[in-house]
Amino acid sequence: MNFTAAKESAIKNLSRFYNVSKIEVASDSSCEQEFWTVELEILRNGQVMILPITLRLDCDFPLSLPRLHISKKDVEKLGYIPNIDTGGLVCVYDANTNLPDPEQPEIIVEICVLKAKKIIEQELRGDANKENYDKEFIAYWENNYGGEQAVDIRALSLINDEKNVANPIKYVCLQSS
């Protein structure tokens, strides 16, 4: 498989719809990752805003899905959006459950970029599905707090259950699930 030709074809197709520019990155690796800036036109509050996203094609593309990132500054500006982690990674498709068709590199990139645009615009319009928040909460929490020191799960209660007064002290030990 000619990975270089697949990347070139995908970017050529994408540039028919978006402003696309290559990001030059120095690398001493034999793996040829490519990074591109794609300018998305996003509708926000009735106005079109240009949102640059970074498209990363790994060395094994089109056998792997592209990755899309938004800058941390833009993540903060947009606010919390399900499917976008705090580092700016836009989770368009789960790489563990979605296998790209390597014979269609143009379609792979186009669909991933369109999905990222849809995710962002739905949230900005207020159309985001509540289930998206429920599904993404664990990912959001683990991304933000997964590396934190474990919290002591014992709790101190100052309320006596029988009298609803704060006299005797009760200790409650919570079980982790």
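Right above here is the structure, for reference.
Calculation criteria
- Residues numbered from 1 in each chain as written.
- Predicted model: local features only at pLDDT ≥ 70, side-chain atom pairs only at ≥ 80, totals over all residues.
- Heavy atoms only, no water.
- Helix = DSSP H or I, 4+ residues; strand = E, 2+ residues; numbered from the N terminus.
- Buried < 20%, exposed > 50% of the residue type's maximum accessible area, 1.4 Å probe, protein only.
- Contact = heavy atoms within 4.5 Å.
- Pairing = 2+ DSSP bridges.
- Axes fitted to C-alpha atoms, helices over the stretch in contact; angles between N-to-C directions.
- Expected span 1.5 Å × (residues − 1).
- Arc of directions from axis to C-beta.
- Polar contact = N/O pair within 3.5 Å; in protein donor to acceptor, adjacent residues only side chain to side chain.
- Core = buried A, V, L, I, M, F, W, Y, C linked by side-chain atoms within 4.5 Å.
- Patch = residues over 30% accessible without salt bridge, like charges linked within 9 Å, V, L, I, M, F, W, Y side chains within 5 Å.
- Areas by Shrake-Rupley, 256 points an atom, 1.4 Å probe, with all protein chains shown as cover.
- Salt bridge = Lys/Arg side-chain N within 4 Å of Asp/Glu carboxyl O.

Undergrad: Before we go on, may I ask you to explain the overall build of the protein in this structure?
TA: Broken down by element type, the protein carries four helices and seven strands. Along the protein, helices (α) and strands (β) appear in the sequence α-β-β-β-β-α-β-α-α-β-β when read from the amino end. By the burial criterion, 29% of the 177 residues in the protein qualify as buried. A separation threshold of at least 6 residues defines the contact pool for the protein, and within that pool the share at least 24 residues apart is 49%.

Undergrad: Is there a simple way to explain the sheet that holds strand 2 (residues 34–44) in this structure?
TA: The pairing of strands in a sheet happens through backbone hydrogen bonds and is either parallel or antiparallel. Strand order in the open sheet made by the five strands is 1-2-3-4-5, with antiparallel pairing throughout. The outermost strands of the open sheet, each flanked by one partner alone, are strand 1 (19–23) and strand 5 (89–90). As paired elements, strand 1 and strand 2 share five bridges and run antiparallel to each other. When the bridges of strand 2 are listed, S21 appears paired with T37. Seen against the sheet, helix 1 (residues 3–14) touches strand 1, strand 2 and strand 3 (47–57) and runs at an angle of roughly 175 degrees to strand 3.

Undergrad: Would you mind going over the side chain of R56 with me for this structure?
TA: If you trace the backbone, R56 turns up in strand 3. For R56, a relative accessible area of 18% puts it in the buried group. When near neighbours in sequence (up to four residues on either side) are disregarded, R56 contacts Q33, E34, F35, P66 and R67.

Undergrad: Would you mind showing me how to read helix 1 here?
TA: Structural remark: α-helix, 3.6 residues per turn; residues separated by three or four positions point the same way. A rise of 1.5 Å per residue sets the reference length of helix 1, with its 12 residues, at 16 Å; its end C-alpha atoms lie 17 Å apart and thus fit the reference within 8%. What helix 1 keeps buried is the set A6, K7, A10, I11, N13 and L14. Down the axis of helix 1, the buried set is contained in an arc of 160 degrees. They therefore lie on one face. Exposed residues pointing more than 90 degrees away from the buried face of helix 1 are listed as E8 and K12. Where helix 1 is buried, its residues contact strand 1, strand 2, strand 3 and helix 3 (105–125). At the N-terminal boundary of helix 1, the capping side chain belongs to N2, with an oxygen 3.2 Å from the backbone nitrogen of T4.

Undergrad: Whenever I open this one, the nonpolar core confuses me. Can you help?
TA: Across soluble globular proteins, nonpolar side chains show a tendency to be buried alongside one another. Core analysis: the biggest nonpolar cluster contains 30 residues, and L55, L68 and I70 have the highest contact counts within it. Those elements giving two or more residues to this core turn out to be helix 1, strand 2, strand 3, strand 4 (67–70), helix 2 (72–78) and helix 3. Every residue in contact with I70, bar those within four places of it in the chain, is listed here: L51, I53, V75, L78, I84, G87, G88, V90 and I120.

Undergrad: I'm lost on a nonpolar patch on the surface in this one. Help?
TA: Together, L43, V48 and I50 make up a nonpolar patch on the protein surface, roughly 280 Å² of accessible area in all. Relative to the helices and strands, L43 resides in strand 2.

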